[in-house]
Amino acid sequence: SSAEKRKLLLNFDVNETIMVGDPAGGDSFEDCVNKMLAKNAFVKKLDPDDPNYRPGLLGEYAWHNGTPIDPTLRDASSEAPALLTDWEWPSGCE
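Residues numbered from 1 in each chain as written. Predicted model: local features only at pLDDT ≥ 70, side-chain atom pairs only at ≥ 80, totals over all residues. Heavy atoms only, no water.

Glancing now at the overall build of the protein. Secondary structure summary: the protein contains one helix and two strands in total. Starting at the N terminus and walking to the C terminus, you meet the elements of the protein as α-β-β. For the protein, the C-alpha radius of gyration of 20 Å lies well beyond 12 Å, the compact-globule estimate for 94 residues. Relative to its full complement of 94 residues, the protein shows a buried share of 23%. (Helix = DSSP H or I, 4+ residues; strand = E, 2+ residues; numbered from the N terminus. Rg over C-alpha atoms; globule rule 2.2 N^0.38 Å. Buried < 20%, exposed > 50% of the residue type's maximum accessible area, 1.4 Å probe, protein only.)

Another aspect to go through is the pattern of salt bridges. Two side chains with opposite charge may pair up if their charged atoms get near one another. Applying the stated criterion to the full structure yields one salt bridge. For E60, the salt bridge goes to K45, with nearest N and O atoms at 3.2 Å. Here K45 lies in strand β1 (residues 43-45) and E60 lies in the loop between β1 and β2 (61-63), a separation of 15 residues in the sequence. (Salt bridge = Lys/Arg side-chain N within 4 Å of Asp/Glu carboxyl O.)

Moving on to the side chain of D70. Here D70 shows up in the segment after β2. Buried and unpaired, D70 has no salt bridge, with R74 as the nearest side chain of opposite charge at 6.7 Å. (Lys, Arg positive; Asp, Glu negative; His and termini not counted.)

Scanning the model with the defined rule gives one aromatic pair in all. Plain terms: the ring middles of F42 and W89 are 4.7 Å apart, the flat faces sit at 80 degrees to each other, and that makes the pair edge-to-face. Remark: W89 occurs in the segment after β2 and F42 occurs in the loop between α1 (29-38) and β1; sequence separation between them is 47 residues. (Phe/Tyr/Trp six-rings, centres within 6.5 Å; stacked < 30°, edge-to-face > 60°.)

Structure (structure tokens):
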């Protein structure tokens, strides 16, 4: 039989996963460390008296700036807030 075997090709982006740095993209070690840290999302637990509070996982938390995490509780055209790049832990966040 001359049936050709199927091949699986996997591509990996090694930047910020296997190696810290992206010389091809012009990012230094420090640039990449800052980007990796900035990709962490800070959330805060809402007080049950908050008007955006809803029982259940998504309804009990808000993004660092108070925007509801649950997309059904915010304007459909709005996106989640930008990730923070500060070195300070946001007030009220877990």
